[in-house]
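Results of the structural survey
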Amino acid sequence: MADTTLENLLSEERVFPPSPEFVAAANAGPEIYDESADWEAWWMKQALERITWFEEPTVGLNAENAPFYKWFEDGKLNLSYNCLDRHLDTIGDKVAYHWVGEPGDTRDITYAELHAEVSKFANALKSLGVEKGDRVAVYMGMIPELPITLLACARIGAIHSVVFGGFSSDSLADRIQDGEAKVLVTQDGSWRKGGVFPLKEHADVSVAACPTIEKVVVVERTKNEVSMTDGRDLWWHDLMADQAADCEPEVMDAEDILYILYTSGTTGKPKGIVHTQGGYLAGVMATHDLVFDIKDDDIFWCTADIGWVTGHSYIVYGPLANGVTGVMYEGAPDSPGFDRLWQIVDDYKVTIFYTAPTAIRAFMKWGDEYPAMHDLSSLRLLGTVGEPINPEAWMWYNEHIGYGECPIVDTWWQTETGAIMITPLPGAVATKPGSATFPFPGIGATAVDEDGNDVGVPGGGFLAITRPWPSMLRTIWGDDQRYVDTYWSRFDGKYFPGDGVKRDDEGYFWMLGRVDDIMLIAGHNISTTEVESALVSHPAVAEAAVVGRADPVTGQAIAAFVTVRGGVTGDDALLKELRDHVAETIGPIAKPKSIVFTADLPKTRSGKIMRRLLKDISEQRQLGDVTTLANADIVATIAAESAASADD
Ligand code: ATP
Ligand code: MG
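Just so you know, these numbers come straight off a predicted model, no measurement behind them. (Residues numbered from 1 in each chain as written. Chains lettered and ligands numbered in written order. Predicted model: local features only at pLDDT ≥ 70, side-chain atom pairs only at ≥ 80, totals over all residues. Heavy atoms only, no water.)

**Some thoughts on the overall build of the chain**
Counting secondary structure elements, the chain contains 21 helices and 30 strands. Computed over its C-alpha atoms, the radius of gyration of the chain comes to 24 Å, within 12% of the 26 Å expected for a compact globule of 648 residues. Taken along its principal axes, the extent of the C-alpha atoms in the chain is 70 × 55 × 50 Å. The 648 residues of the chain split such that 64% are buried. (Helix = DSSP H or I, 4+ residues; strand = E, 2+ residues; numbered from the N terminus. Rg over C-alpha atoms; globule rule 2.2 N^0.38 Å. Buried < 20%, exposed > 50% of the residue type's maximum accessible area, 1.4 Å probe, protein only.)

Set out below in structure tokens:
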């Protein structure tokens, strides 16, 4: 940003306090913010109370070698033990996962059953020569064997590196090579919209370029034909057939590595983010319990893929360690029909539902009639993660999914942070549509200017995390220097996540997307989020992305890319109407100079809009890296549409 502050264009006046009944039963009340003022002590308390340690830690934070912080370093534990063994006497028969396959098959797995499967696969991994500290790459769909694999790794102290099961062979090979994995766990194929995505076939191409891989374990799921290499490839069911169902959990140091996970790649080459054991578990357990207000009888459904950090933290480790029943769904949200998710909510009486803004905008585009086909009254709390949520999408979610009665927690965090960082606590904070509200207890965050000075309230600037936290990344795999440069060099002693933020006069945090995306229009810093939200607030618009493209007069000009809702035509009349709408809603300075109507927007495989590619298109540049895109074809289409539509 050239200037130090951000324009404040969008102002949202609606406030939603939780109901008195919700407040009365909530796990966290407003006093928690005071209680956590001594943040180090508060985190220590979380770690001691929530985790079952083999040896309790006596130190909280060790900041001697900052920014290589350590937490609870003299503690010893095992995460698989915390997620499974310690529950067996009390909730062994409770369902850990209601699993739903895309074709309609289902499986309920209790904690006791999960414990047995995990122990068997842990023994299987050992039989393949996997030892503590070895890396196991995982390239799977959303089937029960995926969390089983993760927990089996955790049980024996192997480091898992999950690669999202929609990535190409090249992306998989890059990540295997970077982590030097010894074993790959995959499946014959995964179901996607009634078709088979041939995971094993892709994996074969990857493994050919990965000499470190010694064994490939293959789960049979879709029964498509695969080729098995003798001596290297093994079927999961053969390998599991005679494994013992008990396996002593390895005693791990709190600071031993639990996993590597690559960021989703919105800004370029993915980074191998390293998470450790004790601090990570304390972070995911505390956030899962307090943000989602977890009760014993909740049915918790996080719709993310376990290939992303959201799935690691809130499908696997947080919920299992907290002993909750979760739902896990294998397939696409529109398969076989646009009401699939709502059918599942109704079938399992889901009480807590956590999804992404990109999914909510898709639900809106598909139409209100699909959620209306089912009874969603079991829901009591909703959440979002992944991108800023436009107030319009928030309101739709509130009305059509929450029936106006569920608090919504908009949770800001990153692969790097391991756990939720900025979020409402649903019984303690009145929400505002589009605001992630306040830092989680124990977390320090603020908006700063270019020199790292707090901009105060109200004000806008760079988001900075002002102190270390237990679930933070420890480094980038194999690249300590990049860790220091990327996150700790911009502001002295503060973590720089790369996002912009605005705080309103009550101190609420409004996340504004990546600072790289912020536009400089005639000397004003304008966030893409606010202009996009203004566009999405028009009834004809389903989704919008804006970028600042070079302009000889204003420095940058706003170029908008708009997807219209079903039944609407993107013509010149609508174009004019949208430009006027933005000018009216947030001011003439934010009026897009050009608008291109397009069927879709370029997105990462986790569903995030990739603005840097739209910028390349607008400035008619050679396109940047597209390997992390879910829909690479759309880029060429948009480029053609963009060239055909003239500015005024
Ligand atoms: P890369 O770092 O490789 O470019 P990425 O940042 O998209 O990829 P993730 O770690 O999955 O990978 O995403 C974290 C980012 O997502 C945050 O930095 C932020 O920009 C955005 N984000 C997540 N949750 C929210 C939220 N509730 N509100 C606003 N933005 C969010
Ligand atoms: Mg990122």
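**A short note on the side chain of lysine 502**
Relative to the helices and strands, lysine 502 is located in strand β24 (residues 499–503). Among residues more than four places away in sequence, those in contact with lysine 502 are Asn8, Leu10, Gly459, Gly460, Tyr508, Phe509, Trp510, Leu512 and Glu530. (Contact = heavy atoms within 4.5 Å.)

**Some words on the pairing of strand β30 (residues 594–597)**
The side-chain alternation of β30 yields two buried faces, one formed by Ser594 and Val596 and the other by Ile595 and Phe597. Inspection of the sheet shows strand β29 (residues 555–564) paired to β30 by 4 bridges, in the parallel sense. Within β30, the position partnered with valine 562 by the bridge is phenylalanine 597. With helix α19 (residues 572–586) bridging β29 and the parallel β30, this β-α-β connection has right-handed handedness. (Pairing = 2+ DSSP bridges. Right-handed = clockwise from strand over helix to strand, strands pointing away.)

**Considerations on the sheet that holds strand β6 (residues 135–139)**
Ordered by their spatial adjacency, 8 strands build an open sheet running β12-β11-β8-β6-β7-β14-β15-β23, and the pairing between neighbours is mixed. If you trace the sheet from one side to the other, it starts and ends with β12 (233–235) and β23 (475–476), each paired once.

**A closer look at the environment of serine 171**
Tracing the sequence through the fold places serine 171 in helix α8 (residues 169–179). The exposure class of serine 171 is buried, given its relative accessible area of 4%. It is 28 Å that separates the C-alpha atoms of serine 171 and serine 80, two residues lying 91 residues apart in sequence.

**Topic: the domain arrangement of the chain**
Interfaces are frequently sized by the accessible area removed from exposure as the parts join. Per the domain assignment, the segments making up the chain are domain 1 (1–21 + 411–467 + 494–516) and domain 2 (518–647). The C-alpha-based centres of domain 1 and domain 2 are spaced at 24 Å. Taken residue by residue, the interface counts 17 residues in domain 1 and 14 residues in domain 2. Each partner contributes to the roughly 1300 Å² buried at the junction of domain 1 and domain 2, and carbon and sulfur atoms together form 57% of this total. When the buried area of domain 1 at its contact with domain 2 is split by residue, Glu7, Leu9 and Leu10 rank highest and sum to 47% of it. Taken together, the links from domain 1 to domain 2 amount to 1 salt bridge. There are 3 residue pairs in polar contact (both at pLDDT 80 or more) connecting domain 1 and domain 2. Only β24 and β25 (509–514) provide two or more residues apiece to the side of domain 1 that touches domain 2. Looking at the side of domain 1 that touches domain 2, the element that brings in the most residues is β25, giving 4 residues. (Domains from an automatic or database assignment. Buried area = accessible area lost by both parts, 1.4 Å probe. Salt bridge = Lys/Arg side-chain N within 4 Å of Asp/Glu carboxyl O. Polar contact = N/O pair within 3.5 Å; in protein donor to acceptor, adjacent residues only side chain to side chain.)

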